[in-house]
Structure formats: structure tokens, C-alpha cells
2 protein chains.
Amino acid sequence: MAMDGEGMREMAAGAAAGGRFSGMPLMAVRPGSAAAPAAGGGSTLSLTAGETLYAEGEPAEHWYEVVAGAVRACKLTPDGRRQVVEFHLPGDVFGLDEVDGVRGLTAEAAAAEGRTVVIRRCRRRLESMAEADPRFARRLHEMALRRLARAHARLVLLGRNGAVERVAAFLLEMEARMPRSDAGPGGFCLPMTREDVADHLALTTETVSRTLQMLRRRGAIALPGLRLVRILDRRALQGLGEAAPMPAAPLPMRGASAPGRRLLAA
Amino acid sequence: MAMDGEGMREMAAGAAAGGRFSGMPLMAVRPGSAAAPAAGGGSTLSLTAGETLYAEGEPAEHWYEVVAGAVRACKLTPDGRRQVVEFHLPGDVFGLDEVDGVRGLTAEAAAAEGRTVVIRRCRRRLESMAEADPRFARRLHEMALRRLARAHARLVLLGRNGAVERVAAFLLEMEARMPRSDAGPGGFCLPMTREDVADHLALTTETVSRTLQMLRRRGAIALPGLRLVRILDRRALQGLGEAAPMPAAPLPMRGASAPGRRLLAA
DNA sequence: CGTTGGATTGAGTTATCTCAATAGAAGTGG
DNA sequence: CCACTTCTATTGAGATAACTCAATCCAACG
């Protein structure tokens, strides 16, 4: 599920350099500086948790790249409910999905511990590049299609899976996307609160907590710290995360029977 | 939420004519013929309910336009569960969302009553057109972004809304997208079974049935026939369907000139 | 006119939510 | 450096929306 990584990072670097996908490494930035100039003419923004980069309905004038921390892209309902459509992690590029030049999502810094750092660049430049270079335009298009496929996978996850499966899939995705820094092998640090996770998986914080503890008691994961997770039994999590495509050609034996539900008991 | 309509139809006609968005009307086709030549060099396929156009994982060599009936685009899980990601209705174009040339979804004829008729055309031609004409390529890209926005809206619907709200939103969307033929004003015919609806809204057929009957008893809708629906109190349904983004600020999909605007009109 | 598949209705079960309380970190200021 | 506040996370108990299983109804069709 982690598709932002490679392609986008490469593209971002390329765009930053004003050339084509040269793979130029990103410049390091000082966290704490409010808005410093960055590589390739963009500016570096440092945000505290909760700060919003842009809101749904606003005109879209920039695009962004995450340097540190995390950004949540969400939809907000009038009554205060929230659906985190996607998390943007270091290396990810976002803010390119606008229809008619208007934001369809709200982007806020999500990171816990430490500030969230992003590089902001002008869409105008990107667009003129796309006009000039068809291959670049095609690249942008492919990125959009990838995000679409991702959204489809998430629809299955939310529509057809229980809490355990959602959490398991989420942990596997995060493990794949996060830099493997703390907590040893298979270990990583969640850059968001339980509430963010809950709003992403369409659960409550309580259910997320309970499910995590349940997976821990089962020996599938360890929780060395509040935000730290270590995968102990990847196989077990994958078995649950099965919102997967399909093997050969299962006939429409539409039982619609609940799947891994049973596995909840432990 | 109904965005396939305008833009796509226009594009399809343009593509069919081999030119650029001339707005040429589509040719009528004889339902019942298995695979007849169609306008613009495509072929017309006539399908009975359940027939599949393509399956997840297959190479993507064609794209399609719905002429009559309906097509469901779904994800299937190994254990037989199903999530209908999207319904394609007459006038809609689909089969363009592939990543790496491989189908991410399965497309099957969904229509009840009568056959489903689609026009099939080669992707190759479309791609060479996109390469030749940047404006055409941009159009394709915009379509993808629109579908992405739609998927995001659906994520909210599935993640943050109850059964009543899902069904209400679905009815409003279908009313906006379906030709207003039967059942008088605000009336239309659902081109799919309850099971399809259930698999789309991530509910069970029983819950869909119960919810429809509940809305009927409340006076929000009438159900003149098995597949016929008439909206009686649009206001009531809209109040429920509010998976919507934000009250005050300009709304992305429901504001201004977005085709889905019809959803709120009348 | 009986068969068949979809649709509806009913009764009981359960996964998740809600409400409420506790516990643990992190940060603040005296 | 230690109380104090504050925020986040966990845990418990009861409520509920949706699911499951099962029966019935209905329309289309041979």
C-alpha cells in the first residue's frame, strides 16, 4: 500500500531541481525555523501538531513534500466528524489532487513528538513543467492513478473488514512506509495519535487501543512505548490484513460471511 | 457525486470520432446483438447480468462506455466478499484507471431487466491521442482526479455514516445520474439488485431492504415497483446524506460548476 | 401453474460504540 | 526539583446498530 515512496520522491526531487527526475537528494532543513528557503526555490515550513496547511474548499496554489513528521489529509463533516483519508510521511508528495483548482481535502500536521516539516512549492511551476514535458505530465497522471487504486483498496478495508483487520493492515502499511529507526527490527514509531489512527480506520480511539492490546497479548506485536510498535509475527498480521486482490478466480459464491471476525477472541 | 456525466460523455464522443471533443452524439445500438461494430471503430457488446468484462489483474487493453444498463466495478476478496467501488451508468466511460497496464478492479454487467450494452474501444488509440494532444491528456488526468475525489467522498460515507445515511446518499446520487424515465418526477429505476447496492454501501441486503422500507414509511420515498424509486422528500434525504464537507466554506464537489451540482438542484 | 431468484420481514447475536473512570506522559511554573 | 495541569492512552460496563440465520413473500418466467 505504500506507493507514495519511490516514484513521488524521485519526481519531487526532479521538480525541485527544475529538471527531469535527476534523483537529487533533498536538502536537510532545520526543524524549528518557521519558513526558510529550501532546495529548488520552495520554502520550508515547520509546523506544530494540529496546524493546518490548507483546508477543503481553498484554492490550491502549492504542492508539498514531507520532510519530517507526518501530515494527515482529511475530510471534515459539518458535525465535527473526521475521516483521515491518507497520511503523508517523510518523502511523500501531496497537494496535487485538486479538481478545478480547489482543495478537496484538508491537510494538517499530525506528527506527535517534534515538529512536522514540509517543503512548499508553487503549483504554477509544476504545471508549466507538465505542459512543456509530456513525460512529466504522464508521470503526474500515473501518480494520480496510483492514489486512486490506493483509495479503492481503502474502500475495501473500511467496507469489508473488522477492527482487527483494519488495525493489522494499518500496522503493516506503516511498517513499510516508516523509516526503521527505533525499537529494533520490525519496529517503528507511529507519528500520530490514537485519535488520528481511529479517524483513519473509521474506528474509535477505544477500539484502536483495545485492538492493539489484543494483538500484543496474542504476541503479534510489541508496544515498547506509547508510540512505538514492533511487528513480531508478520504472518499473523498479514493473515488478518487480507483485504487483498484475489488468487485465481474465486466464483461469485456470495456468502458475504464475516471473515476474520472469529479471530478476535483470544 | 455524479461526475462521470458531462465531461466524460463529451470526451467519449470526441474520442469516438477520432477528433477532439466535438460533442458528436453517440450512435444508437441494438441491444441484443452480441458484438457489432460501433461508432468510431469500437465494438458494441451486449451482456447479460453477471457477465464480466474484465477482472482484476488482467492486462488492460480496452476502455468502455456504457450505452444501456449498468456495470459494477468491484474488488473481490479471496473469501468471496465483494466491494462495489463504483457503478457505471449509461453515458459513463470506464476502464481507464489502470496502474502499470493491469486492471485494479473487476467489471461486471450489473443491470437487472434487459441486457447491459457497452462500447469497447482500444486503449492504444486513446494513448496515442493523449500523446499527440496535450489537452486531451490533461482531460484524462482531470477525469482521474475527479474519480479520486469521488473515492474520497465514498470513504467518508463508508467510514463515518450509518445505514440510513448511506442509503439516502445513494438514492440521491442515483436520482441525479439516472435518466428520469419511469415513476414520474423524482422517480427512477435502479439498474441493479439489492445485493449490488448492499455490496456498494458495505451493508447487507437485509439492512438495505429495511432501510428502504423505513424511508418509505417515513414518507421520504415511494417504492412503486421492485426496482423503482421515487424521491418524495429530497430535503429529508439530504439531511441524512450529509457526509458533506464543511458548512460555511465553499464546497469542492458541490459548489460552483461541478457537474455533480445537479444533485442538489430542483 | 409451479419454479425460481430476488426482496422483505422477523428474532436473536455481536462487534463496535458510548459513557465513564483510571492511568500514564509530557509539559508548566513555582 | 517537585507539585500541578493537561493531554493522551488504556480499561471497564452497558447500549446499540448492523449482522446472521431463517421464514415468507412476490414477480418473472418457463
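Residues numbered from 1 in each chain as written. Chains lettered and ligands numbered in written order. Predicted model: local features only at pLDDT ≥ 70, side-chain atom pairs only at ≥ 80, totals over all residues. Heavy atoms only, no water.

Participant: Before we go on, may I ask you to explain the domain arrangement of chain A in this structure?
Facilitator: All names here are of chain A. Considered domain by domain, chain A is made up of domain 1 (5-143) and domain 2 (161-243). Between domain 1 and domain 2, the residue contacts involve 16 residues of the former and 14 residues of the latter. Here domain 1 packs against domain 2, burying approximately 1200 Å² in sum over the two surfaces, 53% of which is carbon and sulfur. Three residues stand out in domain 1 for area buried against domain 2, namely Arg82, Phe87 and Leu89, and they jointly supply 47% of the buried area on that side. Joining domain 1 to domain 2, the criterion identifies four salt bridges. (Domains from an automatic or database assignment. Contact = heavy atoms within 4.5 Å. Buried area = accessible area lost by both parts, 1.4 Å probe. Salt bridge = Lys/Arg side-chain N within 4 Å of Asp/Glu carboxyl O.)

Participant: I tried to follow the sheet that holds strand 8 (residues 106-109) of chain A on my own but got confused; where do I start?
Facilitator: Through backbone hydrogen bonds, the strands of a sheet pair up, either in parallel or in antiparallel fashion. Residues and elements named next belong to chain A. Read from one edge of the open sheet, four strands run 3-8-5-6, paired in antiparallel fashion. If you trace the sheet from one side to the other, it starts and ends with strand 3 (52-54) and strand 6 (82-88), each paired once. Each strand axis lies, on average, 30° off the axis of its neighbour in the sheet, ignoring direction. (Pairing = 2+ DSSP bridges. Helix = DSSP H or I, 4+ residues; strand = E, 2+ residues; numbered from the N terminus. Axes fitted to C-alpha atoms, helices over the stretch in contact; angles between N-to-C directions.)

Participant: Explanation requested: the nonpolar core in the structure shown.
Facilitator: Inside soluble globular proteins, nonpolar side chains tend to come together where they are buried. In this structure, Phe170, Leu171 and Leu215 of chain A are the most contacted members of the largest nonpolar core, which totals 35 residues. Counting residues per element, the ones that place at least two in this core are strand 6, helix 4 (163-177), helix 5 (194-201), helix 6 (205-218), strand 12 (228-231) and helix 7 (234-241) of chain A. The dominant element in this core, judged by the number of residues it contributes, is helix 4 of chain A, at nine residues. Looking at which domains feed residues into this core, each of domain 1 (5-143) and domain 2 (161-243) of chain A gives three or more. Apart from residues lying up to four places away in sequence, Phe170 of chain A is in contact with Phe87, Leu190, Met192, Val197, His200 and Leu201 of chain A. Counting 32 residues, the second-largest nonpolar core is a separate cluster that includes Leu157, Val197, Leu215 and Val229 of chain B. (Core = buried A, V, L, I, M, F, W, Y, C linked by side-chain atoms within 4.5 Å. Buried < 20%, exposed > 50% of the residue type's maximum accessible area, 1.4 Å probe, protein only.)

Participant: Help me understand the layout of surface pockets, please; the structure alone is not making it clear to me.
Facilitator: Where empty space is left becomes clear once a probe the size of a water molecule has been rolled over the atoms. Looking at the largest pocket, its volume works out to about 1200 Å³. Ala137 and His141 of chain A together with Ala137, Arg138 and His141 of chain B are the residues nearest the centre of the largest pocket, which is lined by 44 residues in total. Of all elements in the fold, only helix 2 (123-132) and helix 3 (134-160) of chain A together with helix 2 (123-132) and helix 3 (134-160) of chain B reach the threshold of two or more residues within the lining of the largest pocket. Here the element with the most residues in the lining of the largest pocket is helix 3 of chain B; it accounts for ten residues. Here the residues of the lining of the largest pocket are counted per class, giving 19 nonpolar, four polar and 21 charged. (1 Å grid on protein atoms, 1.4 Å probe; cavity = no way out; pocket = protein on both sides within 12 Å on 5 of 7 lines; lining within 4 Å. Points joined across faces, edges and corners; volume = space filled by probe spheres on them. Nonpolar A, V, L, I, M, F, W, Y, C, P; charged D, E, K, R; others polar.)

Participant: Before we go on, may I ask you to explain the protein's contact with DNA strand C in this structure?
Facilitator: The immediate surroundings of DNA strand C are formed by 19 residues, with Ala163 and Thr207 of chain A together with Arg194, Ser209 and Gln213 of chain B found nearest. Taking all atoms of DNA strand C within 4 Å of the protein, the share assigned to sugar and phosphate is 64%. One of the side-chain N or O atoms of Arg194 of chain B is found 2.6 Å from a phosphate oxygen in DNA strand C. Between a phosphate oxygen of DNA strand C and a side-chain N or O atom of Gln213 of chain B, the distance comes to 3.0 Å. (Near = heavy atom within 4 Å. Polar contact = N/O pair within 3.5 Å; in protein donor to acceptor, adjacent residues only side chain to side chain.)

Participant: I would appreciate a short explanation of the relation of the copies chain B and chain A in the present structure.
Facilitator: These two copies of the chain differ by a rotation about an axis and a displacement along the same axis. If you rotate chain B by 180° and push it 0.0 Å along the axis, it lands on chain A with an RMSD of 0.0 Å. With respect to symmetry, the two chain copies, as superposed, fit the operation of a two-fold axis. Of the residues that chain B buries at the interface, 86% are likewise interface residues in chain A, meaning the two copies contact each other through the same surface. (Least-squares fit on C-alpha atoms with pLDDT ≥ 70 in both.)

Participant: Is there a simple way to explain the sheet that holds strand 10 (residues 187-189) of chain A in this structure?
Facilitator: All names here are of chain A. Pairing within the open sheet is antiparallel, and its three strands lie in the order 10-12-11. Two strands close off the open sheet at either side, each with one partner strand: strand 10 and strand 11 (221-222). Relative to strand 12, strand 10 runs antiparallel, the two sharing three bridges. By the bridge assignment for strand 12, Phe188 is matched with Val229.

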